[in-house]
Amino acid sequence: MKKYIPNHIENKWQQRWGKDNLYFTDLQKTGQKFYCLVELAYSSGDLHMGHWFTFTMGDILARFKRMQGFNVLLPNGFDAFGLPAENAAIKRGIHPQDWTMSNITRMKQQFTTMGASFDWEKSTISCLPEYYRWNQWIFLKMYEKGLAYRGKTYSSWCPSCQTVVAEENVEAGKCWRCETEVIQKEVEQWFLKITAYADDLLWSEPPEVAWPKSLRESQNAWIGKSKGALIKFPLAAQKNQFIEIFTTRPDTIYGATFLIINPEHPLLKQLLASKHHQEVAEYVIQASKKSEQERKENKEKSGVFTGSFVTNPLTHQQIPIWVADYVLPGYGTGAIMAVPAHDQRDFDFAKKFGLEIVPVIDSGQAEQLAGLPFTGEGKLINSQQFDDLTSKKAAQEITDHLHSLGLGEHQTTYHLHDWSISRQRYWGTPIPFVYCDKCGLVPVPEKDLPVELPYKVDYTPQGKPPLATAEQWVNVDCPQCGGSAKRETETMDGFMDNSWYFFRYLDPHNEHKIFDQELISKWMPLEIYIGGAEHTLGHALYSRFFTKFFHDLGLVKFTEYAEKRLHHGLILGVDGTKMSKSKGNVVNPDEQVKLYGADAIRTYLAFLGPFDIVAPWDPNGVGGVFHFLERVWNLQDKVSKNEKLSKEDYYQMHKTIKKVTDDIETMKNNTAVAALMEWLNFLSKKTAVSLVEYEKFLLLLSPFAPHLTEEVWQQLGQAYSIHQQDWPQAEEKYLQAAEVKIAVMIDGKLRAQLVIDYDIVNKETDVVSQALKLEKISKLLLNKDLKRKIYVSGKVVNFVTQLT
RNA sequence: GCCGAAGUGGCGGAAUGGUAUACGCGGUAGUCUCAAAAACUACUAGUCGCAAGGCUGUGUGGGUUCGACUCCCACCUUCGGCACCA
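Residues numbered from 1 in each chain as written. Chains lettered and ligands numbered in written order. Predicted model: local features only at pLDDT ≥ 70, side-chain atom pairs only at ≥ 80, totals over all residues. Heavy atoms only, no water.

Draft legend 1. Representation of the pattern of salt bridges. This structure, assessed with the given rule, holds 33 salt bridges. In this structure, the salt-bridge partner of R150 is E490, at a minimum N-O distance of 3.3 Å. On the criterion of sequence distance, the pair formed by R150 in strand 5 (residues 148–158) and E490 in the loop between strand 24 (484–487) and strand 25 (491–492) is long-range, its members being 340 residues apart. Connected through salt bridges with shared partners, the residues R150, E188, E488 and E490 form a single ionic network. (Salt bridge = Lys/Arg side-chain N within 4 Å of Asp/Glu carboxyl O. Helix = DSSP H or I, 4+ residues; strand = E, 2+ residues; numbered from the N terminus.)

Draft legend 2. Here's a closer look at the pairing of strand 1 (residues 33–38). Where burial is concerned, most of strand 1 is hidden: six out of the six residues are buried. Burial along strand 1 is two-sided: K33, Y35 and L37 facing one way and F34, C36 and V38 facing the other are all buried. Bridge count for strand 1 against strand 3 (residues 71–73) is three bridges, and the pairing is parallel. For F34, the partnering residue across the bridge sits in strand 3 and is V72. In the sheet, strand 1 pairs with strand 26 (residues 528–531) via three bridges, with the strands oriented parallel. Bridge pairing in strand 26 links C36 to I528. (Buried < 20%, exposed > 50% of the residue type's maximum accessible area, 1.4 Å probe, protein only. Pairing = 2+ DSSP bridges.)

Draft legend 3. The arrangement of the packing of aromatic side chains in detail. Within this structure, the stated rule accounts for 59 aromatic pairs. Residues F305 and F309 carry aromatic rings whose centres are separated by 5.5 Å and whose planes lie at 70° to one another, so their mutual orientation is edge-to-face. Seen in terms of ring centroids, Y426 and Y459 are 5.7 Å apart; in terms of plane orientation they differ by 15°. Their pairing is stacked. Of this pair, Y426 sits in the loop between strand 20 (422–423) and strand 21 (433–436) while Y459 sits in the loop between strand 22 (440–443) and helix 14 (471–474), and the two are 33 residues apart along the sequence. Among the residues examined, Y459 registers a relative accessible area of 13% and is labelled buried. Of note, K232 hangs over the ring of F242, and the distance from its end group to the ring centre comes to 5.6 Å. Here the guanidinium or amino end of K301 rests over the ring plane of Y326, the centre of that ring lying 5.1 Å away. (Phe/Tyr/Trp six-rings, centres within 6.5 Å; stacked < 30°, edge-to-face > 60°. Lys NZ or Arg CZ within 6 Å of the ring centre and 35° of its normal.)

This is the structure in structure tokens:
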């Protein structure tokens, strides 16, 4: 027999599978479908170990389901637009498109060496017009529905990338791509009104689909729905002028002893007519200098008195207006009523500046007696006609009362902001709008899509969008009046591309529609979506938003696109830290393939630990798995066609079939591989192995090691391909061992073992009397008073002599 | 601070409330060899003991139970996430 040398067989089978189109999925076929989705890769040019890990897990599940008779779709595509392409191109002088497309060619080759069962006919590349024209189409539809609009706000701006960075892509005050500190800059840009879906995006309990709890709770927190009231506080000096505040605790209004506005508040200029002018102006300047990050980090309260007063609409007292940067411009109305007795921050502020503290909720608790703020709910005090009401009731009644005075209303606010989608860069989907001198902003008609990205532009950053340099492209006739107009030169955020790609996988080349609705209703929602937890507040939220939008357009019938989402783990470098080029601890999959072959790497990644594991790459571990595969290969020597199976042989075989089946189903690949190793250890001890056993073994191993199993399968003279065989079935009648080991305990402590025939496993009296006869047990029980006998079928006998 | 997940050998990790440490790595000894590597075999939680055997052990302290890694309460630590959100 030949030695197991992966490099001699893997390439051969990869080519054969490709030639035979073995993993082609007929979407029209009837029968149960299984759509297995893995988050698509960015076309960076190199497949790293993280890709291997994630895609291998998807591939194992897909292969398993296919053998179980499901019509499985395992597609793959490329996230191809975005800054890295543009930056790499600027650095190396290659056009982003050429850079991207050659990367994709290379990565496809790397994906092939993985031996994964992708159906490459169902694939998308986001930088191709046949894909991004539908980004434009979606954008126009959103515009039609009032969900895409042009707005002006302060946004995080990356000076290095020369573009707006979405809030959820700002990490610790730095740009997620280049790690330059972002600044706040007022820019006009396109927004998608994701806030219109805030309530729809909130997860209910229990959830409609099986998505991770951590994701659901993070998304809910990010959406940040809170109910409260808008209340107008009349300015003391000017009649009919108000400061409007938002509060979640209108019940505490009688305790509002001052009011705070943020330093950027529009009313502030008006208020600066007092003697405090200088001090306030200085504070505002100081606050504007602080970066968002500093403001958040420094929790020491700061602020100044404006010199002006408002009237508390219910106590009718004049209360001072302060400016403080702990009140944020982007939330609520940017102004608060401060209730120091019942809010920690207001309390800290009041203490620091010696402001009045009036308790209005009776907590009956010690903190309050000790003069600390009580932030919970309770019964009202010091609140005139509302005294003795509970917080909940009072909140309702006080808001209603304010409403009748024309000074308040019920209000719900959200933390979620609209999605700023325009980028002042080249390598992205052109936004399909033109600016006409006569007609203003005009959408490009649907029939004129796609608005193709011009190839020839100057994409080096100069403070204006690169597309503005493509003059021929920019100057167009207005679709409405035919007069001269200019194209929008901003492009779309790359997150737009990957918010809906899994719909397009099902119908990637459709020229007439975004997708065929019948195909979608047949194949979606998809069964499982494997991806990273880092996309919780980005991609995983946007894609749900798009699905709900498609639903409202009448394109799809469901409101969640994936029945299940699973977060994958992370493979660290050998040193236990995150792999990075600068640290030089990157484990290159291509090199590992050369050393051990794809099968060993796949199986090692599966065996490493639970699916969500964060663990370092262990070179010895791969070696161990390679050794396992080698032993499987060498077992051929022992195979005999005539070998009869004992009861124990059948038991081991079916026990393993059951375990591997259950484990792959629940994505516990590590214990599935361990079960195969155990069975191999058992088979290796036998003098001969039957063909039946060996075949079953190969079938069970085939999702993990597709090349080796295919090769041995062929050598055994079996029909091609092993990957088209039926998955083995565990039979109940074989799932009983011949003998059962029972633990015998006295007072819960293990004292002996009893081996019984399987036949008497359910006969309690027989088992107990056999246990009592054991020499060791009878000796230990000699002078003891046996109070209870407990028998757990097939597991344990416990003799209790002491009852507490 | 808040939210989420998790703490088990030298290491990665197994265990429907029922014999803790499966499987793999690493280690020790042996077989084979002139030797080494590879392969194979045995052992490998700590501790007392020549042994038989005992005791202690799943982050800490309590609790429930005949029996707890598993369930409950309190605490500690680590990892991941977050928004001074009124």
